[in-house]
Amino acid sequence: MSLEISPRARLGLAAAALALVAGGAGYGIAHLGGSETAPTQTADAGRKALYWYDPMVPQEHYNNPDTLSSMGMKTIPKYADEGGGNAPGIRIDPAASQTLGLRAVAVRRGQLNSSLTATGTIDFNQRDVAIVQARAGGFVQRVYARAPGDIVGAGAPLADLLVPEWGGAQAEFLAVRRTGSAALIQAARQRLILLGMPSSTVASVERTGRPHNVITISTPTGGVIKTLDVRAGMTMTAGQTLAEVNGLGTVWLNAAVPEAIAGPLKPGQTVQATLAAFPGETLSGRVSAILPTTQADSRTLTVRIELPNRGGRLRPGMFATVSFGGSAQPALLVPSEALIRTGKRTLVMLALDKGRYRPAEVQTGRESGDDTEILAGLSEGEKVIASGQFLIDSEASLSGVQARPIGGGVPMAVGKPAATAALYETVGKIEQLTANSVTLSHESVPAIGWPAMTMTFQLPDPNVARGLKTGDRVRFGFDQPPAGPTVRRMAKVSGQ
């Protein structure tokens, strides 16, 4: 016998199936904390229930199991051993951890390459510019078919200039030569030079005995003609510019470097450049200057690099990629993917014992490849979650778990006076000193299990570092308030 289901009944069955799927999803989210038994309205015997909640709206908390959520669903208990008890962090069942694909990695000490890349364009070397001017007033008799953009060698002729004033002065000089008076001849020769005649022209007048009042103006250096303001028949005045020639022996590569990572760059360091015009070829240059202004629209600094231009192949306007190399430096490293950047602070998710997890605030430094430097907030050997940490962070936020502050202390309750902080002492070398921070390469601190490392400390009072400078070896005392490790006293170690 066949059984037919009416359209209304089929619609009811579909709604029931949707409710079953939604309930199953809520059940799965609820068991992120690790319980594998079916949820009930009442707490299991021997386990403390913190509150009751609906997995579909976990932000709603209720004081008894009989309350329905805003979705009209029955609530389930949230146990103390699932997070929110005396132990910090939240607990996740190991089976659930495998399902979520959690991957823990150890904080390690390694070498961090201080290299970065940027893009830039080729430009003329503005230090290699020659200005060609008329040394005396006259008339342009001839030009030599030059135009802006032409590449010329040193001594290339530009124009012939007739200088009438020179004719009379040279005739007087020849007349004085015939007197034989050495003093008068020297005075007349000096007058010719003061009129703007080149020494070669004066020598030619002496050698031939005839006036030469036409001079050929040529380029003092080779390069490209950037401007040319001379035409046949023009009247020139003394000091008037005829042409501007820019040398091509070297060129500038102006690279745009983000201001956030431009700090380690220094003039004189060697860089490598690759150009789209010459694939597979690497050019070496050096940083000649870091311009003092920042581009407001892109927040970048212009780094000027000087490149040799053998054969004149590098032409202004060419696009290039620059690699700023640097020596590897020791650093405390975590995978960059393990960081949770909120915009106000940076967190990592710590993997604690017995399947517990807790967020921790960190201070980050440089990045290279897949690794990021940790300046404060973690110790070598601690484990952080590098995959799936965002889901745990969301659960920790819903459970009210506070992140471990930098320095490892517990946040002080509002309204309670601060207790006297423990002060730890060690010896280190000042690597960098600013008005409100100091970076120290210090020895180990056994009292708190710190190995020897380089890290940045807060410096709330600049007077603590008065008289000290980068490179000094100091003995310092610090504590660990919520704001991070803070230097309270510091003195130079004698006998350096």
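For clarity, every value in this text was computed on a predicted model and none was experimentally measured.

Student: How do you make sense of helix H4 (residues 182–194) when you look at a structure like this?
Tutor: Along an α-helix, a turn takes 3.6 residues, which lines up residues three or four apart on a common side. Relative to the 18 Å expected for 13 residues at 1.5 Å per residue, H4 spans 18 Å between its end C-alpha atoms, a close match to the ideal helical length. Inspection of H4 places Ile185, Ala188 and Leu192 among the buried residues, and these make up the whole buried set. Taken end-on, H4 shows its buried residues confined to a sector of 65°, consistent with a single buried face. Exposed residues lying more than 90 degrees from the buried face of H4 are Ala182, Ala183 and Leu194.

Student: Which parts of the structure should I look at to understand the sheet that holds strand E19 (residues 300–308)?
Tutor: Sheet strands associate in pairs through backbone hydrogen bonding, adopting either a parallel or an antiparallel arrangement. Sheet architecture is closed into a barrel: six strands sit in the order E7-E16-E19-E18-E17-E20, paired in antiparallel fashion. For this sheet, the mean angle separating the axes of adjacent strands, direction not counted, is 40°. The pairing of strand E16 (residues 250–258) with E19 spans nine bridges and is classified as antiparallel. Its bridge partner lying in E19, Thr250 is registered against Pro308.

Student: Hey, could you run me through the packing of aromatic side chains in this one?
Tutor: Describing an aromatic ring pair means giving the distance of the ring centres and the angle of the ring planes. The full count for this structure, using the stated rule, is four aromatic pairs. Ring centres of Tyr424 and Phe478 lie 5.7 Å apart, and the angle between their planes is 45°; on these two criteria the pair is classed as tilted. One end of the pair, Tyr424, is in strand E27 (residues 424–433); the other, Phe478, is in strand E30 (residues 473–479), with 54 residues separating them in the sequence. The class for Phe478 is buried, based on a relative accessible area of 0%. Among the aromatic side chains, those forming a connected cluster through ring pairs are Tyr424, Phe457, Phe476 and Phe478.

Student: Honestly, the side chain of Thr75 in this entry has me stumped. Any pointers?
Tutor: With respect to the helices and strands, Thr75 occurs in the loop between strand E2 (57–62) and strand E3 (76–79). Relative accessible area serves as the criterion here: at 1%, Thr75 is assigned to the buried category. For Thr75, the side chain forms a polar contact with the main-chain oxygen of Thr67, separated by 3.4 Å.

Student: Can you help me understand empty space enclosed by the protein in this one?
Tutor: Which parts of space are left empty comes out when a probe the size of a water molecule is rolled across the atoms. For the coordinates displayed, the defined rule picks out two cavities of 30 Å³ or more. If you add up the space inside the second largest cavity, you get close to 40 Å³. As for the second largest cavity, its lining consists of Arg109, Ala331, Leu332, Glu373, Ile374, Leu375, Met453, Thr454 and Met455. The set of elements that each furnish at least two residues to the lining of the second largest cavity consists of strand E21 (328–335), strand E25 (371–376) and strand E29 (453–458). Residue composition of the lining of the second largest cavity, grouped by class: six nonpolar, one polar and two charged.

Student: Quick question: what am I supposed to make of the pairing of E16 here?
Tutor: On any regular strand, side chains alternate: one points to one face of the sheet, the next to the other face. Of the strand pairs in this sheet, strand E7 (residues 116–124) and E16 are connected by six bridges, and their pairing is antiparallel. Note that in E16 the partner of Thr121 across the bridge is Asn254.

Student: So what exactly am I meant to see when it comes to the sheet that holds strand E13 (residues 223–228) here?
Tutor: One open sheet holds the four strands; their spatial order is E8-E15-E13-E10, and the pairing between them is antiparallel. Looking at strand neighbours, the two that pair on one side only are strand E8 (129–133) and strand E10 (151–152), the edges of this open sheet. Taken together, the four bridges between E13 and strand E15 (residues 241–246) define a ladder with antiparallel strand orientation. Bridging from a neighbouring strand, Thr227 pairs with Glu244 of E15.

Student: What is the right way to look at the packing of helix H3 (residues 164–179) against helix H5 (residues 199–208) in this model?
Tutor: In a packed pair of helices, the relevant descriptors are the angle between the two axes and the axis-to-axis distance. Between H3 and H5, the shortest axis-to-axis distance is 10 Å and the interhelical angle comes to 50°. When the axes of H3 and H5 are compared, the pair comes out oblique. Where H3 crosses over H5, the two elements pack in a sense that is right-handed. Contact residues: H3 offers Gln170, Phe173, Leu174 and Arg177, while H5 offers Thr201, Val205 and Glu206.

Student: Explain the pattern of salt bridges here, please?
Tutor: Oppositely charged side chains can form a pair if their charged atoms are brought close together. Throughout the structure, instances matching the rule amount to 15 salt bridges. Note that Arg475 is salt-bridged to Glu425, the shortest N-O span being 3.9 Å. Residue Arg475 is located in strand E30, and its partner Glu425 is located in strand E27; the two are separated by 50 residues in the primary sequence. Owing to a relative accessible area of 43%, Arg475 belongs among the partly exposed residues under this scheme.

Student: What is the right way to look at H5 in this model?
Tutor: Buried within H5 are the following residues: Thr201, Val202, Ser204 and Val205. With its buried residues spanning 160° around the axis, H5 presents them on a single face. For H5, the exposed residues lying more than 90 degrees away from the buried face are Ser199, Ser200 and Arg207. On its buried side, H5 packs onto H3 and H4. Gly209 sits one or two residues past H5 and shows a positive phi near 75°.

Cut-offs and rules
- Residues numbered from 1 in each chain as written.
- Predicted model: local features only at pLDDT ≥ 70, side-chain atom pairs only at ≥ 80, totals over all residues.
- Heavy atoms only, no water.
- Helix = DSSP H or I, 4+ residues; strand = E, 2+ residues; numbered from the N terminus.
- Expected span 1.5 Å × (residues − 1).
- Buried < 20%, exposed > 50% of the residue type's maximum accessible area, 1.4 Å probe, protein only.
- Arc of directions from axis to C-beta.
- Pairing = 2+ DSSP bridges.
- Axes fitted to C-alpha atoms, helices over the stretch in contact; angles between N-to-C directions.
- Phe/Tyr/Trp six-rings, centres within 6.5 Å; stacked < 30°, edge-to-face > 60°.
- Polar contact = N/O pair within 3.5 Å; in protein donor to acceptor, adjacent residues only side chain to side chain.
- 1 Å grid on protein atoms, 1.4 Å probe; cavity = no way out; pocket = protein on both sides within 12 Å on 5 of 7 lines; lining within 4 Å.
- Points joined across faces, edges and corners; volume = space filled by probe spheres on them.
- Nonpolar A, V, L, I, M, F, W, Y, C, P; charged D, E, K, R; others polar.
- Parallel < 35°, antiparallel > 145°, perpendicular 65-115°, else oblique.
- Left-handed = near helix turned anticlockwise from the far one by under 90°.
- Contact = heavy atoms within 4.5 Å.
- Salt bridge = Lys/Arg side-chain N within 4 Å of Asp/Glu carboxyl O.

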